[in-house]
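So the chains spell out like this:
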Amino acid sequence: MPDAAHQIAQLIRGVDRIVPEAEFRQKLERSLKTGRPLRVKYGIDPTGIDVHLGHTVPLRKLRQFQELGHTAVVIIGNYTALVGDPSGRDETRSRLTAPQVEANARDYLKQVGRIIDLDHAEVHHNGDWFSRFTFLQVLELMRGMTLGQISAREDFAKRIAAEKPVFLHECLYPLMQGWDSVEIKADVELGGTEQLFSLLVARDLQQAKGQEPQVAMTMPILVGTDGTRRMGKSLGNYIGVAEPAEAMFGKVMSIPDEPMRAYFTLLTELPLSDVDHLLADGTNPRDAKEALGKAIVAQYHGADAADQAAAEFRRRASGADPDVIPDVTLDPAQLDANGGIPAFVLVKELGLEVSTSSARRLIAQGGVTIGPDREIVTDPRTIIVVTDGLVVRAGKRKIARARLGG
RNA sequence: GGGUGGAUACCCAAGCGGCCAAAGGGGCCAGACUGUAAAUCUGGUGGCAAUGCCUUCGCAGGUUCGAAUCCUGCUCCACCCA
């Protein structure tokens, strides 16, 4: 194990806050002296199915702890998922059923395994203990917090001010999360900035049970591909860890320039001095973004795939067609005697648009080009004579090659 | 239990008898521009082999030549008082 100073230097990268910082230092030093690794907790609620780069920020931190010899403890919040984390929410989360949560949990773990080493991690489901809770225990747990504390929380306070509902079960969420820490005797808990409140609730509960309280380590919230709002599935601005290399790379390239530094810091291992260099004035931000994209994609798909994705992106950006163009077989019955078909029907049949109405619109706006010469079609009713292998492009991203069945 | 205010397209939100496939904003799509983006500008954003037709304003009925708009019942939601 590297010494405490080294560990701290490494662990502090990208971290928002450590509360309380002195305790963290003490815990680390003691761990080194006694050889007993720290128990580092990270909880994830299986509410959706896509783990995205936003989730990987604390997960990558967890991985760093692992690499330094500490114990990663992953909590699958199958019970908390039934409640729904109110953090950062301005409305109540929609309700999930137990089987949904079950299925999600399995899927999640698979994706989480892309970031941390699950073979050397502890994985718990908080349903293991919460499903056995008696009502009396629930009441006891609720003694841990007052209405004042709860309603002081920013997310609840906002909702109350906006006359939006706050349900009682949501108030229980931080207590449940805190109890998880008691169950697994956490030394450190990781979470996003907005989790600080919940992470600190655990300290009280642990102390009440005679345990040494955990240290909260919060990570900044990663902004999504729109560059402003937090990355999230519902906002449609996320990059999923399970996405194919090219899609992942393309999405990284589509972020605005401003959040690049945060991405480098939180999502890559690149030395920060190198990052400074890449982002220095006078350099082309595209090159920096390309380096960022490669570094991220390589983590999930390998360096070769990352390079290929980058090359492919350059090709597309220069206007060339992609390497692989999907074939779509046309039903010959759609064609007239001369092999012709109206442009808007063609676009729909090739699956480039979902409805004839939208196909008409796209064509009328000059978004459709046909064949090697990229002939622009602007009248939706233009009859296109289809030959086998005809390439049709719709907008910047969609393309298909027509195949005549036969 | 009492009171009040709501439910409109992907989201927010206007409309309160015909001029409504429904303002405005956001998002998204396309085009122009570019350093990959972003920003900006322009256009589009229910469906249909389509100068017209069909379905859509919580649900079910009703009034009317005509209903997102008026009436009745229902469902759901929130807030306030207790």
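Residues numbered from 1 in each chain as written. Chains lettered and ligands numbered in written order. Predicted model: local features only at pLDDT ≥ 70, side-chain atom pairs only at ≥ 80, totals over all residues. Heavy atoms only, no water.

**Q** So what exactly am I meant to see when it comes to the sheet that holds strand β3 (residues 71-76) here?
**A** Two strands in a sheet stick together by hydrogen bonds in their backbones, pointing the same way (parallel) or opposite ways (antiparallel). Strand order in this open sheet of six strands is β1-β6-β5-β2-β3-β4, and the pairing throughout is mixed. Looking along the sheet, the strands with just one partner apiece sit at the ends: β1 (17-19) and β4 (121-125). Put simply, the sheet's adjacent strands are angled 25° from each other on average, direction ignored. Inspection of the sheet shows β3 paired to β4 by five bridges, in the parallel sense. By the bridge assignment, Ile75 is partnered in β4 with His124. Sheet strands touched by helix α2 (residues 21-34): β1, β5 (188-192) and β6 (215-219). Its angle to β6, the strand with the most contacts, is close to 110°. (Pairing = 2+ DSSP bridges. Helix = DSSP H or I, 4+ residues; strand = E, 2+ residues; numbered from the N terminus. Axes fitted to C-alpha atoms, helices over the stretch in contact; angles between N-to-C directions. Contact = heavy atoms within 4.5 Å.)

**Q** Would you take a moment to explain the protein's contact with RNA strand B for this structure?
**A** Close contacts around RNA strand B come from 30 residues, with Met253, Ser254, Asp257, Pro285 and Thr356 the closest. Among the atoms of RNA strand B lying within 4 Å of the protein, the sugar-phosphate backbone contributes 53%. Interatomic distance of 2.5 Å between a side-chain N/O atom of Asp257 and a base nitrogen of RNA strand B. Within the side chain of Gln365, one N or O atom sits 2.8 Å away from a base nitrogen of RNA strand B. At the level of elements, α15 (285-301), α16 (303-317), α17 (343-349) and α18 (356-364) are the ones that each hand at least two residues to the surface near RNA strand B. Examining the composition of the surface near RNA strand B, we find that five residues originate from one element, α18, more than from any other. For the surface near RNA strand B, the residue count by class is twelve nonpolar, nine polar and nine charged. (Near = heavy atom within 4 Å. Polar contact = N/O pair within 3.5 Å; in protein donor to acceptor, adjacent residues only side chain to side chain. Nonpolar A, V, L, I, M, F, W, Y, C, P; charged D, E, K, R; others polar.)

**Q** Got a minute to help me understand the environment of Leu278 in this structure?
**A** Topologically, Leu278 is positioned in helix α14 (residues 272-278). Setting aside anything within four residues of it in sequence, one finds Leu278 in contact with Phe264, Leu270, Thr283, Ala288 and Ala291.

**Q** What exactly am I supposed to notice about the confidence of the model for chain A here?
**A** The predicted coordinates of low-pLDDT regions are not to be read in fine detail. Confidence in the prediction of chain A, expressed as mean pLDDT, is 88, and 94% of residues score 70 or more. When pLDDT is averaged over each element of chain A, β6 comes out on top at 96 and helix α9 (residues 154-161) at the bottom at 72. Taken together, the chains of this predicted complex give a pTM of 0.83 and an interface ipTM of 0.87. (pLDDT = per-residue confidence, 0-100.)

**Q** Explanation requested: the packing of aromatic side chains in the structure shown.
**A** Throughout the structure, instances matching the rule amount to five aromatic pairs. Each ring, one from Tyr79 and one from Phe130, has its centre 6.5 Å from the other, and the planes form 20°; the classification is stacked. Placement of Tyr79 in the loop between β3 and α4 (80-83) and of Phe130 in helix α6 (residues 127-130) is noted, with a sequence separation of 51 residues between them. A residue is classified by how much of its surface remains accessible, and Tyr79, at 30% relative accessible area, is partly exposed. Here the aromatic cluster, defined as three or more aromatic residues joined through ring pairs, consists of Tyr79, Phe130, Phe133 and Trp179. The side chain of Arg360 reaches across the aromatic face of Phe344, ending 3.9 Å from its centre. (Phe/Tyr/Trp six-rings, centres within 6.5 Å; stacked < 30°, edge-to-face > 60°. Buried < 20%, exposed > 50% of the residue type's maximum accessible area, 1.4 Å probe, protein only. Lys NZ or Arg CZ within 6 Å of the ring centre and 35° of its normal.)

**Q** Any chance you could explain the domain arrangement of chain A here in plain terms?
**A** Accessible area lost on assembly of the parts is the figure often given for the size of an interface. Domain annotation of chain A identifies domain 1 (4-234), domain 2 (243-317) and domain 3 (327-404). Look at where the C-alpha atoms of domain 1 and domain 3 centre, and you get two points 50 Å apart. (Domains from an automatic or database assignment.)

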